Amino acid sequence: MPRVLGEAQHSLVVHDPVSGSEVTLYYRRPTSEERVAYQVSAFRLEGGQRRFCLGETRLQFGLEILTGVGPGDFLVAADAGDEPLDPERHPDWKERLREHAPDLVSYLAQQIFEGLRVVPREDQECST
């Protein structure tokens with residue numbers, strides 16, 4: 001499927017190992033400034049020591065580009081029974097995902113900020 005240039009919202013379908021189902025994460029394309037900030041924030045200097053902060057970086061930037069989730073892909077435990085997580089009804093929906101599904105949000109950031117890879121052409125032979 002070709003990339004649609006200028007599209008405002010994108011989606012990533014992920015297999016959730018906790019529920020065993022597929023969930024859809026909607027996101028916006030990161031800006032060039034966010035891409036640079038992501039790379040820079042993966043390491044920090046603290047007390048003269050270099051600290052690896054990739055996990056924190058993935059979660060932070062994943063939440064920043066996340067714009068929504070598939071309808072019914074996440075349920076919120078409620079007194080009257082489980083109800084679908086809905087950004088319209090749950091203004092703290094990102095905080096809920098930060099707390100209860102950081103693995104999926106971090107995976108989103110990993111794929112979007114780090115996920116580019118080169119696919120060898122069919123006529124190229126692999127050397128071992």
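Structure: see above.
Residues numbered from 1 in each chain as written. Predicted model: local features only at pLDDT ≥ 70, side-chain atom pairs only at ≥ 80, totals over all residues. Heavy atoms only, no water.

### What to know about the nonpolar core
- The biggest cluster of nonpolar side chains holds 26 residues, and the ones touching the most others in it are L25, L66, F74, L97, L104, L108 and F113.
- If you list the elements that add at least two residues to this core, you get β1 (10–15), β2 (22–27), α2 (54–65), β5 (66–69), α3 (93–100) and α4 (102–114).
- In terms of residue count, α4 provides more of this core than any other element does, six residues in total.
- Setting aside its immediate chain neighbours within four residues, F113 contacts P30, E34, R35, Y38, Q39, F61 and I65. (Core = buried A, V, L, I, M, F, W, Y, C linked by side-chain atoms within 4.5 Å. Buried < 20%, exposed > 50% of the residue type's maximum accessible area, 1.4 Å probe, protein only. Helix = DSSP H or I, 4+ residues; strand = E, 2+ residues; numbered from the N terminus. Contact = heavy atoms within 4.5 Å.)

### Examining the packing of aromatic side chains
- In this structure the tally under the stated criterion is four aromatic pairs.
- Their ring planes at 80° and their centres at 5.5 Å tell us that Y38 and F61 sit as a pair that is edge-to-face. Taken as a pair, Y38 in helix α1 (residues 32–41) and F61 in helix α2 lie far apart in primary sequence, 23 residues in all.
- In this structure F61 comes out as buried when scored by relative accessible area, which is 5%.
- Look at F61 and F113: their rings are 5.7 Å apart centre to centre, the planes differ by 75°, and that puts the pair in the edge-to-face class. (Phe/Tyr/Trp six-rings, centres within 6.5 Å; stacked < 30°, edge-to-face > 60°.)

### With respect to the environment of G68
- Within the fold, G68 resides in strand β5.
- Expressed as a C-alpha distance, the spacing of G68 and G115, which sit 47 residues apart in the sequence, is 20 Å.
- G68 has contacts with T24, L25, Y26 and W93, leaving out every residue within four places of it along the chain.

Keep in mind these values describe shape, not function.
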